[in-house]
Amino acid sequence: MKRFDAIKRIVESLSNELIICNIGAPSRELYNIKDRAENFYMLGSMGLASSIAFGLALSRPRKKVWCIDGDGSLLMNLGSLSTIANNQPKNLTLIVIDNGSYGSTGNQKTYTSKKTKLETIAKGAGFESITVINNEEDIIPILKGLEMGCHFIKINTLPGNAQVENIPLKPEEIKNRFIDSISR
Ligand SMILES: [Mg+2]
């Protein structure tokens, strides 16, 4: 499975969750699989998807928030794991698609392709609910079966980006329609 396949299954698992999506290729792939106002395609702040999702989860405790992050991005902002795990929002699921590479910048290898295990770091940071998914067919039952809570889910995939269109929306449009969708 590649990242595109994983995101497809994530989308098929959705009910009304808000999604904060990592910058670059993951956001483009999500847009092309299923665009919705509840998707926030994060721009310009690599590494901060989990932090944005955390703030959103705290400020909208009655909405479920899913963050689609990547290994390279999470490695840039490991402190976010401690912040999330110690505050334990009951409505946040951090989904890390680990393809062992910086996909959006040309598939350079990250350290998760060597020794680093993000699920072990998440455990040390204090996450109590940690799941590692290796098979595409496991994604939907696991995501659909999630109870309210603070979850860390890692999906292992192969490197590689899907050839998809750029997101035609302006940053202001992405922001404004997302704000509208969380205000409802
Ligand atoms: Mg990656």
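Computed from a predicted structure; not experimentally measured.

> Is there a simple way to explain the coordination of the magnesium ion in this structure?
For a metal with four tetrahedral donors the ideal donor-metal-donor angle is 109.5 degrees, whereas six octahedral donors ideally subtend 90 or 180 degrees. Around the magnesium ion, the donor atoms from the protein are Asp71 (OD), Asn99 (OD1) and Ser101 (O), and they sit 2.1 to 2.2 Å away. Expressed as a motif, the donor residue spacing for the magnesium ion is D-x27-N-x1-S. Taken together, the residues span a long stretch of sequence, with Asp71 in helix H4 (residues 71-75) and Ser101 in strand E5 (residues 101-102) at a distance of 30 residues. An identical accessibility class is assigned to Asp71 and Ser101; each is buried.

> Would you mind going over the pairing of strand E1 (residues 18-21) with me for this structure?
Sheet faces and side chains relate simply in a regular strand, where the side chains alternate between the two faces. Here E1 shows no split at all, with Leu18 and Ile20 on one side and Ile19 and Cys21 on the other all buried. Bridge count for E1 against strand E3 (residues 65-70) is four bridges, and the pairing is parallel. Residue pairing in the sheet places Ile19 in a bridge with Trp66 of E3. Where E1 lies against strand E2 (residues 39-41), three bridges are found, and the strand directions are parallel. Within E2, the residue paired with Cys21 across the bridge is Tyr41.

> Just checking my understanding: could you explain helix H2 (residues 25-33) for this structure?
Counting along an α-helix, one turn takes 3.6 residues, and residues three or four places apart therefore face a common direction. Here H2 has its buried residues at Ala25, Pro26, Ser27, Glu29, Leu30 and Tyr31. Where H2 is buried, its residues meet helix H1 (3-12), E1, E2 and E3.

> Can you help me understand the pattern of salt bridges in this one?
Counting across every chain of the model gives seven salt bridges. Glu29 serves as the salt-bridge partner of Arg3, at 2.8 Å between the closest nitrogen and oxygen. Of this pair, Arg3 sits in helix H1 while Glu29 sits in helix H2; the two residues are 26 residues apart in sequence, bridging distant segments of the chain. With respect to burial, Arg3 and Glu29 carry one shared label: buried. Residue Lys154 pairs with Glu119 through a salt bridge whose shortest N-O separation is 2.9 Å. Of this pair, Lys154 sits in strand E8 (residues 149-156) while Glu119 sits in helix H6 (residues 118-125), and the two are 35 residues apart along the sequence. Among the residues examined, Lys154 registers a relative accessible area of 5% and is labelled buried. With a relative accessible area of 18%, Glu119 lands in the buried category.

What counts, and at which threshold
- Residues numbered from 1 in each chain as written.
- Predicted model: local features only at pLDDT ≥ 70, side-chain atom pairs only at ≥ 80, totals over all residues.
- Heavy atoms only, no water.
- Donors = N, O, S within 2.8 Å, 3.2 Å for Na, K, Ca; no water.
- Helix = DSSP H or I, 4+ residues; strand = E, 2+ residues; numbered from the N terminus.
- Buried < 20%, exposed > 50% of the residue type's maximum accessible area, 1.4 Å probe, protein only.
- Pairing = 2+ DSSP bridges.
- Contact = heavy atoms within 4.5 Å.
- Salt bridge = Lys/Arg side-chain N within 4 Å of Asp/Glu carboxyl O.

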